[in-house]
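# Results of the structural survey
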Amino acid sequence: MQEKNEMRLEFDSRSCNEGFARVAVAAFLTQLNPTLEEVADVKTALSEAVTNCIVHGYEGTVEKIQIACTIEGSIIEIRVIDHGCGIEDVKKAMEPLFTTKPEEERAGMGFAFMEAFMDEVVVESARGAGTTVIMKKKIENPAGKFAM
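Residues numbered from 1 in each chain as written. Predicted model: local features only at pLDDT ≥ 70, side-chain atom pairs only at ≥ 80, totals over all residues. Heavy atoms only, no water.

A few words on the packing of helix α2 (residues 36–57) against helix α4 (residues 110–117). Two numbers describe how α2 lies on α4: the axes approach to 9 Å, and their chain directions differ by 155°. Between α2 and α4, the crossing angle belongs to the class labelled roughly antiparallel. Note that α2 runs across α4; the crossing there is left-handed. Residues Asp41, Thr44, Ala45, Glu48, Ala49 and Asn52 of α2 form the contact with α4, whose participating residues are Gly110, Phe111, Phe113, Met114 and Phe117. Residue classes in the contact of α2 with α4 are distributed as six nonpolar, three polar and two charged. (Axes fitted to C-alpha atoms, helices over the stretch in contact; angles between N-to-C directions. Helix = DSSP H or I, 4+ residues; strand = E, 2+ residues; numbered from the N terminus. Parallel < 35°, antiparallel > 145°, perpendicular 65-115°, else oblique. Left-handed = near helix turned anticlockwise from the far one by under 90°. Contact = heavy atoms within 4.5 Å. Nonpolar A, V, L, I, M, F, W, Y, C, P; charged D, E, K, R; others polar.)

Below is the structure:
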C-alpha cells in the first residue's frame, strides 16, 4: 500500500492570496523532491485555477476558495474549489482563447496553461453551484518519504 499525505487550505478570494496559495502548495510538494521546473509548472497551473475562481467563479466578490492536495506515491493531486457561479459549458470554456470577459482583456488561456503544465486536468462544474478543478502531476524522481 502506498503512503498518502494530504493537506487542505481555505482562503478569501482576493488576488493577493494567489501568491500565498502558490507558496503553500509548493511547500507541500517539496516532500517529493521535485525539480525547480516541476515546482514552477505546479505553481503556474495553480495560479491559473485560483485566478479563475476569483475572476470568473466569484466575479470579484470575496468568498472562499479551497485547495485540497493529496500526494500518493509520486503523484500530486490538487483540487481547487469554489462555490461560485459555475461554468455553463465546461468543454467550451476549456477551448484555448475562449473567454467570458473579453472587455477585461482576458486571454482565455487559463485551462490551456493548466493542461500544458500538468499531466491531467479535469473540470467539474454546475451552473450556480461552483467549480472544482482537479489537476494531477507525476514527479519524475520523487524522494518518496513522508515525515511522520
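That covers the picture; the talk isn't over yet.
Read across the sheet, five strands follow the order β1-β2-β3-β5-β4 without closing on themselves; strand pairing throughout is antiparallel. What marks the edges here is a single partner per strand, and that holds for β1 (4–12) and β4 (120–126). Along the sheet, successive strands turn relative to each other by an average axial angle of 10°, direction set aside. For strand β2 (residues 64–72) and strand β3 (residues 75–82), the ladder comprises eight bridges, and the chain directions are antiparallel. Within the sheet, the bridge partner assigned to Ile65 lies in β3 and is Asp82. Its contacts with the sheet put helix α1 (residues 17–29) on β1, β2 and β3, and the angle it makes with β1 is roughly 170°. α2 contacts β1, β2, β3 and β5 (130–138) of the sheet and is inclined by roughly 15° relative to β3. (Pairing = 2+ DSSP bridges.)

Structurally, the position occupied by Gly57 is in helix α2. Separated by 44 residues in the primary sequence, Gly57 and Ser13 have C-alpha atoms spaced 9.5 Å apart. Beyond its immediate sequence surroundings of up to four residues, Gly57 is in contact with Asn52, Asp82, Gly84 and Cys85.

With that out of the way, let us pick up unusual backbone geometry. The bulk of non-glycine residues show a negative phi, and the bulk of peptide bonds are trans. Although it is not a glycine, Asn33 sits at a positive phi angle of roughly 55°. With respect to the helices and strands, Asn33 occurs in the loop between α1 and α2. At Glu59, a residue that is not glycine, the phi angle is positive and equals roughly 50°. When you line up the elements, Glu59 lands in the loop between α2 and β2.

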